[in-house]
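Structural description and commentary
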Amino acid sequence: MKESRTIGILGGGQLAKMLCDSGKKMGHKTLILDPNPDSCGQLSSFNHIVAQYDDKKELKKLAEATDVITYEFENVPNEIIDYLKENNGNVPQGKRPLYLSQHRIREKEAVNKIGVKTAKFQKIENFEDLEKGIKEMGFPCILKTCSGGYDGKGQWKITEEEDLKQVDIKFGIEYILEKMVYFDKEVSCLVVRGINGDIVSFPVGENIHKNGILNKTIVPARVTKEISKKIEELSKNIIEGLDIYGPLGIEYFIKGDEIFFNEMAPRPHNSAHYTMDACNYSQFDIHLMGILGEKLPEIKLLKSVVMLNIMGEDRGKVEKLKQEDNSKVHIYGKTEWKKDRKMGHINYCGENIEELIVKANSF
């Protein structure tokens, strides 16, 4: 029997909750640190420290009480990793994954350096930069904040001169202007590099968005086997080339035979929630095994699957929902059901991917 360990998690949202569930299944204890006393992660954690992420007293407690520490979201202040390490906290992922993924220009420059293709981009600090950038790049473009924004927030699509009127550039904030790629598919791949050097990737998922938020992920992605294989290999090259340990969820655009890197997150990824019911190991299992230094097993897709996000506005549908043999419903336990807030997900599993898509669309 494997030795029981105590795993610290910075952040207490749904990803922490599912990490805690995996930890419990594997015989480990989990301790989350999150400023929200009602965070859904505490529903599954062994213990919960309610504190701000820069609370040094509580961070020291976390370091002393745990064997290993990880993070469940990429906006954890990266400087606290240094403090944890100074206090004998074991954070095998370190702060580099956070440092890169917290800033879109740093992220794209880093992958460009290792030969990975991205859309053209420019740094924007004021409206003059924006006008100059559009003149050089041409329409259509997308303007994003370099840090922060998620689920479509902090983004402006610019397809013509008129669209510039809606853009609100604030002094002191950095932005990135990207040439828009009219892609055929958006896909993602979750890859994990263990601290022992093992690297495994999960099958490629095809992502469908609604109002800028992930709506569903279809696995296997409806792309050629060659493209899928290239993406899995590229994802392994990125995590190794950037010297990142732990999990890395990477999003790509596919246009014909071209693959463009879009963005990455050094944590479990929404698009890989399908792994909980359709693979031999979930992304949460492998995340924990990776940071604990265990040998990482080969990942197998056991059945086709469509993962559908349940949003705050879906509460009425959820109350009427009957769990069927081929569907697994996961509700996160958040206290407030709000529009555009992710409250859970459903994994529709089976053999016929098109039938599963129809079922998900009828939710």
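Coordinates for the structure precede this section.
Right, let's walk through the structure included here. Remember, predicted model here, so these are calculated numbers, not experimental data.

This next bit is on the pairing of strand 9 (residues 185-193). Most of strand 9 is tucked away, with eight of its nine residues classed as buried. One ladder, built from nine bridges, connects strand 9 with strand 13 (residues 246-255); its direction is antiparallel. Bridged to Arg-193 within strand 13 is Gly-246. When strand 9 meets strand 11 (residues 205-210), the two strands line up antiparallel, connected through three bridges.

Now for the packing of helix 1 (residues 14-25) against helix 9 (residues 283-291). Packed helices, taken two at a time, are described by the angle between their axes plus the distance between the axes. In contact at an axis separation of 9 Å, helix 1 and helix 9 are set at 70° when each is read in the N-to-C sense. By the angle between their axes, helix 1 is roughly perpendicular relative to helix 9. Contacts from Leu-15, Met-18, Leu-19, Ser-22, Gly-23 and Lys-25 in helix 1 reach Phe-284, Asp-285, His-287 and Leu-288 in helix 9. Counted by class, the contact of helix 1 with helix 9 contains five nonpolar, three polar and two charged residues.

Our focus in this paragraph is the sheet that holds strand 1 (residues 6-10). Pairing is parallel in the open sheet, where four strands are placed in the order 3-2-1-4. Each end of this open sheet is capped by a strand with a single partner; those strands are strand 3 (47-50) and strand 4 (68-71). Within this sheet the neighbouring strands show an average axis-to-axis angle of 20°, counted without direction. Strand direction decides the pairing type here: strand 1 and strand 4, joined by four bridges, are parallel. The residue bridging Ile-7 from the neighbouring strand is Val-68, located in strand 4. Of the strands in this sheet, strand 1, strand 2 (29-34), strand 3 and strand 4 are in contact with helix 2 (residues 56-65), which crosses strand 2 at around 170°.

The nonpolar side chains of a soluble globular protein tend to be buried with one another. By size, the foremost hydrophobic cluster in this structure holds 23 residues, and its most contacted members are Ile-231, Ile-238, Leu-242, Leu-248, Ile-250, Tyr-252 and Met-264. Of all elements in the fold, only helix 5 (104-113), strand 9, helix 7 (225-241), strand 13 and strand 14 (258-265) reach the threshold of two or more residues within this core. The residues contacting Ile-238, other than those within four sequence positions of it, are Val-111, Ile-114, Val-116, Leu-248, Ile-250, Tyr-252 and Phe-261. Leu-31, Leu-59, Ile-69 and Ile-81 belong to the second-largest nonpolar core, a separate cluster that totals 18 residues.

Next up on the list: the sheet that holds strand 6 (residues 141-145). In space, the four strands of this open sheet follow the order 5-8-6-7, with antiparallel pairing throughout. The strands lining the two open edges of the sheet, one partner per strand, are strand 5 (121-124) and strand 7 (155-158). Put simply, the sheet's adjacent strands are angled 20° from each other on average, direction ignored. The strands that helix 6 (residues 127-137) touches are strand 5, strand 6, strand 7 and strand 8 (175-179); relative to strand 5, the one it contacts most, it runs at about 165°.

Of all the positions in helix 6, only Leu-130, Gly-133, Ile-134 and Met-137 are classed as buried. All buried residues of helix 6 fall inside an arc of 95° around its axis, so they share one side. Every exposed residue of helix 6 that faces more than 90 degrees away from the buried side is listed here: Glu-128, Lys-132, Lys-135 and Glu-136. On its buried face, helix 6 is in contact with strand 5, strand 6, strand 7 and strand 8. Backbone nitrogen of Glu-128 and a side-chain oxygen of the N-cap are separated by 3.1 Å at the start of helix 6; the cap is Asn-126. Phi turns positive one or two residues past the end of helix 6, at Gly-138, with a value near 85°.

Within the element layout of this structure, His-330 appears in strand 16 (residues 327-331). Within the local environment of His-330, its side chain forms a polar contact with the side chain of Asp-277, the two groups lying 2.7 Å apart. With residues near it in sequence (within four places) discarded, His-330 still touches Met-276, Asp-277, Met-343, Gly-344, His-345 and Asn-347.

This next bit is on the packing of aromatic side chains. Scanning the entire structure with this criterion turns up three aromatic pairs. When the ring of Tyr-53 is compared with that of Phe-73, the centres are 5.6 Å apart and the planes differ by 50°; the resulting orientation is tilted. In this pair, Tyr-53 sits in the loop between strand 3 and helix 2 while Phe-73 sits in the loop between strand 4 and helix 3 (79-86), placing the two residues 20 residues apart along the sequence. A relative accessible area of 14% means that Tyr-53 is categorised as buried. Centroid distance Phe-183 to Phe-253: 4.4 Å. Interplanar angle 5°. Geometry classified as stacked. One end of the pair, Phe-183, is in the loop between strand 8 and strand 9; the other, Phe-253, is in strand 13, with 70 residues separating them in the sequence. Accessibility expressed as a relative area gives 13% for Phe-253, which makes it buried. Across from the ring centre of Phe-260, 5.3 Å away, lies the NZ or CZ of Lys-117, which sits over that ring. Here the guanidinium or amino end of Arg-193 rests over the ring plane of Tyr-245, the centre of that ring lying 4.0 Å away.

This brings us to the side chain of Ser-282. Along the chain, the position of Ser-282 falls in the loop between helix 8 (275-278) and helix 9. On the basis of relative accessible area, Ser-282 is assigned to the buried category, the value being 6%. Other than its neighbours up to four places away in sequence, Ser-282 contacts Ser-22, Phe-202, Thr-275 and Met-276.

What counts, and where the lines are drawn
Throughout, a residue's number is its position along its own chain's written sequence, starting from 1. Per-residue local features of the predicted model are confined to residues with pLDDT of at least 70, and side-chain atom pairs are confined, for both listing and counting, to 80 or more; whole-chain, interface and lining totals are unaffected and use all residues. Only hydrogens and water are removed before side-chain values are computed, so all heavy atoms of the structure are retained for them. Buried residues are those whose accessible area, probed at 1.4 Å on protein chains only, stays under 20% of the maximum for their type, while exposed residues exceed 50% and partly exposed ones sit between those limits. The helix and strand labels rest on DSSP assignments: H or I over at least four residues marks a helix, E over at least two residues marks a strand, and numbering proceeds from the N terminus. At least two DSSP bridges between two strands are required for those strands to pair. For helices, the axis comes from a line fit to the C-alpha atoms of the stretch in contact; other axes are also lines fit to C-alpha atoms, and the angle between any two N-to-C directions lies between 0 and 180 degrees. Orientation categories follow fixed angle ranges, with anything under 35 degrees roughly parallel, anything over 145 roughly antiparallel, 65 to 115 roughly perpendicular, and all other angles oblique. By definition, residues are in contact when any of their heavy atoms lie within 4.5 Å. Each residue is assigned to one of three groups, with Ala, Val, Leu, Ile, Met, Phe, Trp, Tyr, Cys and Pro labelled nonpolar, Asp, Glu, Lys and Arg labelled charged, and all others, Gly among them, labelled polar. Each nonpolar core is a collection of buried residues, namely Ala, Val, Leu, Ile, Met, Phe, Trp, Tyr and Cys, held together in the definition by side-chain atoms within 4.5 Å. The arc in question is the one traced by the directions running from the helix axis out to the C-beta atoms. Polar contact is defined as a pair of N or O atoms within 3.5 Å, subject to the rule that within protein one atom must be able to donate a hydrogen and the other to accept it, and that residues adjacent in sequence are counted only when both atoms are side-chain atoms. Geometry of aromatic contacts follows a simple scheme: Phe, Tyr and Trp rings, the Trp one being its six-membered ring, pair when their centres are within 6.5 Å, and the pair is stacked under 30 degrees between planes, edge-to-face over 60, tilted otherwise. Counted as over-ring charges are cases with an Arg CZ or a Lys NZ within 6 Å of the ring centre that also lie within 35 degrees of the ring normal.

These figures capture arrangement, not role.
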